[in-house]
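If you want the building blocks of each chain, they are given just below.
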Amino acid sequence: MAVNMNVGTVVEALKILITPRESGSSAHNTDKQAALLNTLQFNVSTLKEELKQVSKWKALLTLQERVSKDAPWLNESSQPQADPAWKFTSEALLLLLCLKECMIEVAKSFQPSKPNLRTPEAAPPLNPDTLSIAQQKTVQSAMQFVASMGICSYLLPGIGLPLQHRSEFGSLVCAMVSCDLPQVRTRRLYITCMSLLEMSRHSSLGSLLFTQHLGDLMAGLCQLGYCPTKVNADQGIKGNLKNLKECERCQCKEALIGLLDQLYQPLVIRELIILQGTPRQGPRPSGAAASLQRVPAPAWLRRLSGQLLSERLMRSNGVQAVVRGILEDAGVGVAGGREAEAAASNWKKCDAIAKILASCPQQSLTVEEYYQKVCPQILDLLHIQNSLTARQFQRVATETFLKMGRAQPQLAEKYLILPILKPLLYCTTTEAEKSPAPEEILVSESVLSQCVEDIVKVFVVGNDPTAAILNFSRQILLVIFTLYCFAMHNASHIRSPSQDILLWYLEKSDRESAVSALAGLSGMESSLPSVPHYIHIKPGSQGGAMIIVREEQSNDDDDDALYKRVTSEQWRLQCLVDLLSINPHTGLAADFFLYCLKRLTPITIGEEGPDLIPSPEDSLLDIERKLTLRYQSQEKQLQLLQVLSVLCEKISDSIFTDVKQVVEFVLMTFERACTSLATSEGGTVASQTLSMAMGLIAAMLGAVELTSTDFVHLKTLIPVLEKVMESHPEPVIQELAHDLRVTIATHCAVPLTHRTHNDPDYEKKDAKQQRPNRNSDLQNIQEILNSAKDPDVPTRAAALRSLTHLLEKMHPQVLERREQVMQLFVDNLEEDDPFVYLSAIQGIAVMSRDIPERILPILLAQYESAVAPKTKAPATETRMKVGEALMRCTRTLGDMVLRHKDALIHAFLRGCRDPDSSIRASSLSNLGELCKQLQFSLGPIIHEVTSCLSAVVHTDQEAQVRRAAIHVIVLLLRELSERATEVLRDVLLDLYRLLKFVVQCDKDSVSVLHAQLALEELDSIMRAFLFPPQKLEKKIVVLP
């Protein structure tokens, strides 16, 4: 019995059968076919001799007898007159069935030992029916022999993949099988298929068989169960299935159906597609080409494969199985990998799958039934989470969605478009239903995110804007815009998809619909389905959003509600303008702006419909209705003005993209201005508007290269310009309108500047005008000097500014009077008005650039000895103004201040000992500015400066003065930077100790802050000095 032997015994017998050996009679045979026949015959005889002679095969012989009794069809294969190939196949089938029985028996008798708790890491023992790698290879080789010589050799032409096209061995097998009797061929095919099916009942053997030979087994079962008994005469085969009983045919059909239902569906679908093949196209080839071309599948097999594929497709998850079955062949499997990335660009295969899915199979009862079963599965393809396969599945789903929409618009709307938009459509239609409870979740976060992403995948990425898609997109546009405004105000991942949907709709719809949609989004029109008032968007826990019912608010918070509404509308307008500014080149923003301007004209002239004005004959209900409509109209007008203001503020500089839009803008401006002039008494604003519009056209005519198409648009302005010429009261505007009309009509042949520059008296007039100007310069300078002494403060300040401006331009008349101008500046330093003395300080700084040797002594003398005759306060203010002037002069002189450094240093150091704290702080500030300009020239005086600063920090009681002293150190370190180690090397340690003293002992927080900043500067300087950056340099030296 099988229990007395192990699996290895049967596998060893299989190895004896399939291992190639050389027989004595075929040692010198060069014919491959004859050599193969001799090898097969020799191996069969060798196996039988081994089984009879060796005692260890006794159990195997017993098992063979039992298996033969259980499988009656095997007895038919033991025919003495059978050819060697079939004898070999019969022996292999018998051994494979014995292997299956042996594996079942040893698995039943296996009793695993109890695990050792002391070694929990030890692996559990393997089942005795487990095949090793070498044994699996042996079994697979035997299966390959059986499938080649027992199935493929007996298939009709066009069924399955031809064996001769697979390998050279397949060609030898096809030529070797010489049985021409149809009854024998069919019987052998039946025996092989039934034996392999019986063997596949064991899971290990079944997996080895189906991974390599599923297509061959399915082809054999299709031929046995479904091939008609009468075949066309051109195939040369008649009645090849007459000897097969009807019960056997039914058995083959059931086996095929059970096999298809049992196995991995994508694998089954791929094999069915291979079986279906392609119908023959064009004339039949002849000669060598005929042997290389695959014979097309017969019609009955194509119909059968199509029916089986349709059944797979109509099942649950059938669409996904079909997609996987086709794409996994291109490397897009569950594991994916590099092949999956390479297949991402194979859009042709995805398009082919979409065509298959969009076509209703003939086996389906109705198209609607097919759509009802398949469309939900297509939408499920959009939600595949595997990152390696998601792109291919989404592409297939998108293409199928669009193809179904074009083929059956009504059914696609019912089963595809409405389900995908249902969460958003629910937010626009629930107003008609009963009001939901407060805080009720209308759309959850996951559903809303999935809905928005699906719309992007299908509508935006698919990019096939059919009428139905655009129509339904318009219905949810306001909800999407509300989500976009929410996402712009919060951190949410729905911002990008919402923006993509809005931009896609505005780009793909016609311009009139896009502008109307923008008007609806801005609140100026009710062209879009409204969102119920109780809809509220709330942030979700996963970074998305959810739609809930707003809580009811009490009437006591009317002001707060009004404020929230106004701020919400302003934010929505800002989001809308930001959306338009993303793609300014489309010109949509300009068209929307022009649309708003057209609606602005009735507001500017104060038009109001007669139906909105109550009359004495109206009833109270009519009066109330008219007042309500009037208030609504006024609200729309205010909304329009707000939209225009935001547009002008945000994107006015880049709103127009072509000449046509500019012309339309100017045309509407002309019409509005003309209407205002005709209906209003004051025409100043209208005249300025006309001048602005005419200036815009004039600039465009002179600076832009216009085409003939542009002039076609410009000619629409001619009637309005003629109207302006006839009706406007100002001659200048009439003349400009006439010039513009002539220039446009002649296509710029008569330019606007022609009448001015070609006037023969133009040069004479210009010369006459220039002579008085030259003669009047002296008179003007004298007037400015006189104005600088005027008691009126604004006049005097303006005169000082004018003198400063003339000095900057090196005006010769002013330079001749430098002394007088200098004295004016110095005298005005004592003025109390800031505008006057600051103008004087600016003038002194400008003059110090040319005559520092005259300015600085005067300022230094006043800085050191300014004493007020009555009180001390004016003297202090004057000295601080002089100090400000000295600081400005120091900045203006720059490197030239080195010549005057001694006088400046002495003055500032003496000022540091002044009794007045303001003067001390001013002197220290000026000292810091001077040291900042001197840099390397500080060497001789650095000790004096450091001693002064140290004394001030240690002894001065005023925090303002100490701050100024520390600020001098900060300026020094910041200006010298890396050069501080050279300039301040003798006093750097003293400065460091001084700063540390301030940080540790000073009670003034501002002084401590300044000291900390100085220490940070010093730290960065020393780090750069001690650890210079490493530079990879290559020095090249030229030797003499």
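Residues numbered from 1 in each chain as written. Predicted model: local features only at pLDDT ≥ 70, side-chain atom pairs only at ≥ 80, totals over all residues. Heavy atoms only, no water.

1. Quick word on the overall build of the protein
- Per the secondary structure count, the protein includes 47 helices and three strands.
- Put simply, the protein has 1040 residues, and 45% of those count as buried. (Helix = DSSP H or I, 4+ residues; strand = E, 2+ residues; numbered from the N terminus. Buried < 20%, exposed > 50% of the residue type's maximum accessible area, 1.4 Å probe, protein only.)

2. Looking at the packing of helix 6 (residues 133-150) against helix 9 (residues 203-226)
- Packing of helix 6 against helix 9 brings their axes to within 10 Å, and their N-to-C directions diverge by 30 degrees. The interaxial crossing formed by helix 6 with helix 9 has right-handed handedness. Residue-level inspection shows Gln136, Val139, Gln140, Met143, Gln144 and Ala147 of helix 6 in contact with helix 9, the latter providing Leu205, Leu208, Leu209, His213 and Asp216.
- A per-class count over the contact of helix 6 with helix 9 returns six nonpolar, four polar and one charged. (Axes fitted to C-alpha atoms, helices over the stretch in contact; angles between N-to-C directions. Left-handed = near helix turned anticlockwise from the far one by under 90°. Contact = heavy atoms within 4.5 Å. Nonpolar A, V, L, I, M, F, W, Y, C, P; charged D, E, K, R; others polar.)

3. Focus: the sheet that holds strand 3 (residues 545-549)
- If you trace the three strands from one edge of the open sheet to the other, you get 1-3-2, paired in antiparallel fashion. Looking at which strands have only one partner, the edges of the open sheet turn out to be strand 1 (441-443) and strand 2 (535-539). Averaged over all adjacent pairs, the angle separating strand axes in this sheet is 45 degrees, with direction ignored.
- Across the face of the sheet, helix 22 (residues 477-489) comes into contact with strand 2 and strand 3 while running at roughly 35 degrees to strand 2. (Pairing = 2+ DSSP bridges.)

4. Some remarks on the pattern of salt bridges
- Evaluated as defined, the whole model comprises 22 salt bridges.
- Taking the shortest distance from any N to any O, the salt bridge between lysine 100 and glutamate 101 comes out at 2.8 Å. With respect to burial, lysine 100 and glutamate 101 carry one shared label: buried.
- Linking glutamate 198 and lysine 100 is a salt bridge whose minimum nitrogen-to-oxygen distance equals 3.0 Å. (Salt bridge = Lys/Arg side-chain N within 4 Å of Asp/Glu carboxyl O.)

5. Remarks on the environment of arginine 899
- Along the chain, arginine 899 falls in the loop between helix 40 (873-893) and helix 41 (901-911).
- Looking at arginine 899, the relative accessible area reads 69%, which means it is exposed.

6. Quick look at the nonpolar core
- Of all hydrophobic cores here, the largest spans 213 residues; its most connected members are Leu217, Leu221, Phe592 and Leu714.
- By residue number, the principal contributor to this core is helix 5 (residues 84-109), which donates 14 residues.
- In terms of nonpolar packing, the next biggest core, distinct from the first, is built from 80 residues, Leu800, Leu934, Ile942 and Leu984 among them. (Core = buried A, V, L, I, M, F, W, Y, C linked by side-chain atoms within 4.5 Å.)

7. Thoughts on the confidence of the model for the protein
- Per-chain confidence: the protein averages 77 in pLDDT, with 80% of residues scoring 70 or above.
- When mean pLDDT is taken per element in the protein, helix 23 (residues 495-508) scores highest with 92 and helix 33 (residues 754-757) scores lowest with 39.
- This model gives residues 286-290 a pLDDT under 50, and the stretch forms one contact once residues within four places in sequence are excluded. (pLDDT = per-residue confidence, 0-100.)

8. As for the pairing of strand 3
- The buried count for strand 3 comes to five of five residues, which makes it a mostly enclosed element.
- With burial as the criterion, each face of strand 3 is covered, one bearing Ala545, Ile547 and Val549 and the other bearing Met546 and Ile548.
- In this sheet, strand 3 lies alongside strand 2 in antiparallel orientation, the contact comprising five bridges. When the sheet's bridge partners are listed, isoleucine 537 is paired in strand 3 with isoleucine 547.

9. Some points on the packing of aromatic side chains
- Overall, the coordinates contain six aromatic pairs when judged by the stated rule.
- Their ring planes at 65 degrees and their centres at 6.4 Å tell us that phenylalanine 401 and phenylalanine 459 sit as a pair that is edge-to-face. Within this pair, whereas phenylalanine 401 is found in helix 18 (residues 390-407), its partner phenylalanine 459 is found in helix 20 (residues 445-461), the two being separated by 58 residues in sequence. For the pair formed by phenylalanine 401 and phenylalanine 459, the shared burial category is buried.
- These aromatic residues form a ring-pair network of at least three members: Phe401, Phe459 and Trp504.
- Sitting over the ring of tyrosine 226, lysine 253 keeps its end group 5.3 Å from the ring centre. (Phe/Tyr/Trp six-rings, centres within 6.5 Å; stacked < 30°, edge-to-face > 60°. Lys NZ or Arg CZ within 6 Å of the ring centre and 35° of its normal.)

10. Observations concerning a nonpolar patch on the surface
- A contiguous nonpolar patch, built from Phe1025, Leu1026 and Phe1027 and spanning about 370 Å² of accessible area, is present on the exposed surface.
- By secondary structure assignment, the location of phenylalanine 1027 is in the segment after helix 47 (1005-1026). (Patch = residues over 30% accessible without salt bridge, like charges linked within 9 Å, V, L, I, M, F, W, Y side chains within 5 Å. Areas by Shrake-Rupley, 256 points an atom, 1.4 Å probe, with all protein chains shown as cover.)

11. Examining the layout of surface pockets
- One number sums up the size of the largest pocket: a volume of about 2,000 Å³.
- Of the residues assigned to the lining of the largest pocket, the class counts are 18 nonpolar, 15 polar and 11 charged. (1 Å grid on protein atoms, 1.4 Å probe; cavity = no way out; pocket = protein on both sides within 12 Å on 5 of 7 lines; lining within 4 Å. Points joined across faces, edges and corners; volume = space filled by probe spheres on them.)

12. Re the packing of helix 35 (residues 793-808) against helix 37 (residues 818-827)
- It is the contact of helix 35 with helix 37, at a shortest axis distance of 11 Å, that shows an interaxial angle of 135 degrees. Judged on the interaxial angle alone, helix 37 and helix 35 are oblique. Relative to helix 37, the crossing made by helix 35 is left-handed. Facing Leu800, Leu803, Thr804 and Leu807 of helix 35, the residues of helix 37 in contact are Val821, Leu824 and Phe825.
- Residues that form the contact of helix 35 with helix 37 fall into these classes: six nonpolar, one polar and no charged. (Parallel < 35°, antiparallel > 145°, perpendicular 65-115°, else oblique.)

13. Overview of the side chain of glutamate 271
- With respect to the helices and strands, the residue glutamate 271 is situated in helix 11 (residues 265-276).
- Despite being buried, glutamate 271 has no salt bridge partner; arginine 270 is the closest side chain of opposite charge, sitting 4.6 Å away.
- The contacts of glutamate 271, once residues within four sequence positions are left out, are Leu214, Gly215 and Met218. (Lys, Arg positive; Asp, Glu negative; His and termini not counted.)

14. Concerning the side chain of arginine 312
- By the secondary structure assignment, arginine 312 is in helix 13 (residues 299-314).
- Exposure remark for arginine 312: the relative accessible area of 2% places this residue in the buried category.
- Excluding its chain neighbours within four sequence positions, the residues that come into contact with arginine 312 are Leu260, Asp261, Gln265, Ile269, Leu272 and Gly318.

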